[in-house]
Amino acid sequence: MNTRKNAPARKVIADNRKARYNFEILEVIEAGLVLSGTEVKSLRSNQANIAESYASFENDAFWLINSYIPEYTQGNRFNHDPRRLRKLLLSEREIVRLANSIARDGMTVVPLKLYFNERGRAKLEIALARGKKLHDKRETEKNRDWNREKSRLLRDRG
């Protein structure tokens, strides 16, 4: 476990690394997921992928679309569909606020991390985000390269 005080004990299953490059992250929210038993067992083997997924507001709820949780190998006929829609568990206030931001400001909801929390529940870290333009991506890349070079120079010079 984590040795730091007040640090959450997380077991990260899937990480969407492209999201921070392609989107400007404005707000991060933790959401629960409605999963079947074979999906949870499959997640425990760390094979999920949320890189191309997104969240959509339909029928007064948010749904995770295009996420991939592979079939459980010992699941027989009770197995799940690997790319099925999965409902996100959010409070009523969060749903209304996110839905208004998407409709009014043209933002999107992208998943950042899929993990098990300290109680063993599968949680999804989602973010309210705005898409970056090409010049913004270049600026981010330039800053990242400069910071890497700067740390290299400081390490070498002492």
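Here, the structure is the one placed above.
Residues numbered from 1 in each chain as written. Predicted model: local features only at pLDDT ≥ 70, side-chain atom pairs only at ≥ 80, totals over all residues. Heavy atoms only, no water.

Colleague: Help me understand the overall build of the chain in this model?
Modeller: Tallying secondary structure elements over the chain gives 4 helices and 7 strands in all. When the helices and strands of the chain are listed from N to C terminus, the series reads β-α-β-α-β-β-β-α-β-β-α. Overall size of the chain, expressed as C-alpha extent along the three principal axes, is 60 × 40 × 30 Å. Burial statistics for the chain: of 158 residues in total, 34% are counted as buried. For the chain, the proportion of contacts with a sequence separation of at least 24, taken over those separated by at least 6, is 67%. Looking at the chain as shown, the accessible area adds up to about 10,600 Å², and 47% of this sits on carbon and sulfur atoms. Side chains of the chain give 33 positive and 21 negative charges; the mean places of these two sets differ by 5 Å. (Helix = DSSP H or I, 4+ residues; strand = E, 2+ residues; numbered from the N terminus. Buried < 20%, exposed > 50% of the residue type's maximum accessible area, 1.4 Å probe, protein only. Contact = heavy atoms within 4.5 Å. Areas by Shrake-Rupley, 256 points an atom, 1.4 Å probe, with all protein chains shown as cover. Lys, Arg positive; Asp, Glu negative; His and termini not counted. Charge placed at Lys NZ, Arg CZ, Asp CG, Glu CD.)

Colleague: How should the nonpolar core be read in this particular structure?
Modeller: Residues Leu88, Leu114 and Ile126 are the most contacted members of the largest nonpolar core, which totals 24 residues. For this core, the elements supplying multiple residues, two or more each, are strand S1 (11–15), strand S2 (23–33), strand S4 (61–65), helix H3 (92–105), strand S6 (108–116) and strand S7 (122–131). Judged by nonpolar contacts, the second largest core, of 5 residues, contains Ala19, Leu112, Ala127 and Ala129. (Core = buried A, V, L, I, M, F, W, Y, C linked by side-chain atoms within 4.5 Å.)

Colleague: What's the story with the environment of Arg138 in this structure? I'm lost.
Modeller: Relative to the helices and strands, Arg138 resides in helix H4 (residues 134–157). Here Arg138 falls in the exposed class, since its relative accessible area comes to 54%. Sequence separation between Arg138 and Tyr21 is 117 residues, and the spatial gap between their C-alpha atoms is 9.7 Å.

Colleague: For this particular structure, what's the right way to read the packing of aromatic side chains?
Modeller: Aromatic rings considered in pairs are described by the distance between their centres and by the relative angle of their planes. This structure, assessed with the given rule, holds 1 aromatic pair. Positioned above the aromatic ring of Phe116 is the side chain of Arg44, whose terminal nitrogen or guanidinium carbon lies 4.1 Å from the ring centre. (Phe/Tyr/Trp six-rings, centres within 6.5 Å; stacked < 30°, edge-to-face > 60°. Lys NZ or Arg CZ within 6 Å of the ring centre and 35° of its normal.)

Colleague: Can you walk me through the environment of Ser56 in this structure?
Modeller: Looking at the element boundaries, Ser56 is found in strand S3 (residues 54–58). Along the backbone, Ser56 and Ala99 are 43 residues apart, and their C-alpha atoms lie at a distance of 9.0 Å. Filtering out sequence-adjacent residues up to four positions away, Ser56 remains in contact with Ala61, Phe62, Trp63 and Ile65.

Colleague: How should I be thinking about the side chain of Glu125 in this particular structure?
Modeller: Following the sequence through the fold, Glu125 ends up in strand S7. The exposure class assigned to Glu125 is buried, which follows from its relative accessible area of 10%.

Colleague: Is there a simple way to think about the side chain of Glu39 in this case?
Modeller: Looking at the secondary structure, you find Glu39 in helix H2 (residues 37–43). According to the relative accessible area criterion, Glu39 is buried, its value standing at 0%. Here the side chain of Glu39 touches Ser36 through a polar contact of 2.7 Å, landing on its backbone nitrogen. Leave out the neighbours within four places in its chain, and Glu39 touches Val34, Ile69, His80, Arg84 and Arg86. (Polar contact = N/O pair within 3.5 Å; in protein donor to acceptor, adjacent residues only side chain to side chain.)

Colleague: Quick question: what am I supposed to make of H3 here?
Modeller: Every α-helix winds through 3.6 residues per turn, so residues three or four apart in the chain are directed the same way. Its 14 residues place the ends of H3 20 Å apart at the C-alpha level, agreeing with the 20 Å of an ideal helix rising 1.5 Å per residue. Just past H3, the residue Gly106 takes up positive phi, approximately 70 degrees. (Expected span 1.5 Å × (residues − 1).)

Colleague: Got a minute to help me understand empty space enclosed by the protein in this structure?
Modeller: Where empty space is left can be seen by rolling a probe of water-molecule size over the atoms. This model, assessed by the stated rule, comprises 1 cavity of 30 Å³ or more. Lining the largest cavity, in full, are Leu33, Leu35, Ala48, Asn49, Ile50, Leu64, Ser67, Tyr68, Ile69, Arg86 and Leu114. In terms of residue class, the lining of the largest cavity is made up of 8 nonpolar, 2 polar and 1 charged. (1 Å grid on protein atoms, 1.4 Å probe; cavity = no way out; pocket = protein on both sides within 12 Å on 5 of 7 lines; lining within 4 Å. Points joined across faces, edges and corners; volume = space filled by probe spheres on them. Nonpolar A, V, L, I, M, F, W, Y, C, P; charged D, E, K, R; others polar.)

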